[in-house]
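# Geometric and topological summary
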Amino acid sequence: MSVAMMWFVLIAFIFAIFAFGGVLMMFLIKAFDSREADIIDTPEEALEKKVFADDVH
């Protein structure tokens, strides 16, 4: 394998890793929307908030 071909394969693998990471990050951002993470509850509100649906647990 020539040096140019080795560089091409190396660049292709690096691109594939970053592309896969980008697609995975896109799906994770859509799955776990962080808008609720910005809401800070007072201790009283946190005690009143339902964590689980009653019919599940």
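Residues numbered from 1 in each chain as written. Predicted model: local features only at pLDDT ≥ 70, side-chain atom pairs only at ≥ 80, totals over all residues. Heavy atoms only, no water.

### Overview of the overall build of the chain
- When helices and strands are tallied, the chain shows 2 helices and 0 strands.
- Surface exposure of the chain reaches about 5,900 Å², of which carbon and sulfur atoms provide 73%. (Helix = DSSP H or I, 4+ residues; strand = E, 2+ residues; numbered from the N terminus. Areas by Shrake-Rupley, 256 points an atom, 1.4 Å probe, with all protein chains shown as cover.)

### Some points on the UniProt feature "transmembrane region" (unreviewed entry) in the chain
- The feature "transmembrane region" (unreviewed entry), as annotated in UniProt, sits at residues 6-29 in this numbering.
- In the segment residues 6-29, helix accounts for 100% and strand for 0%; the C-alpha atoms at its two ends are 34 Å apart. (UniProt positions renumbered as here; feature names shortened; annotations may be inferred.)

### Here we look at a nonpolar patch on the surface
- Together, M1, V3, M5, M6, W7, F8, L10, I11, I14 and F18 line one region of the surface with nonpolar side chains, adding up to about 1,200 Å² of accessible area.
- For L10, the location among the structural elements is in helix α1 (residues 3-31). (Patch = residues over 30% accessible without salt bridge, like charges linked within 9 Å, V, L, I, M, F, W, Y side chains within 5 Å. Salt bridge = Lys/Arg side-chain N within 4 Å of Asp/Glu carboxyl O.)

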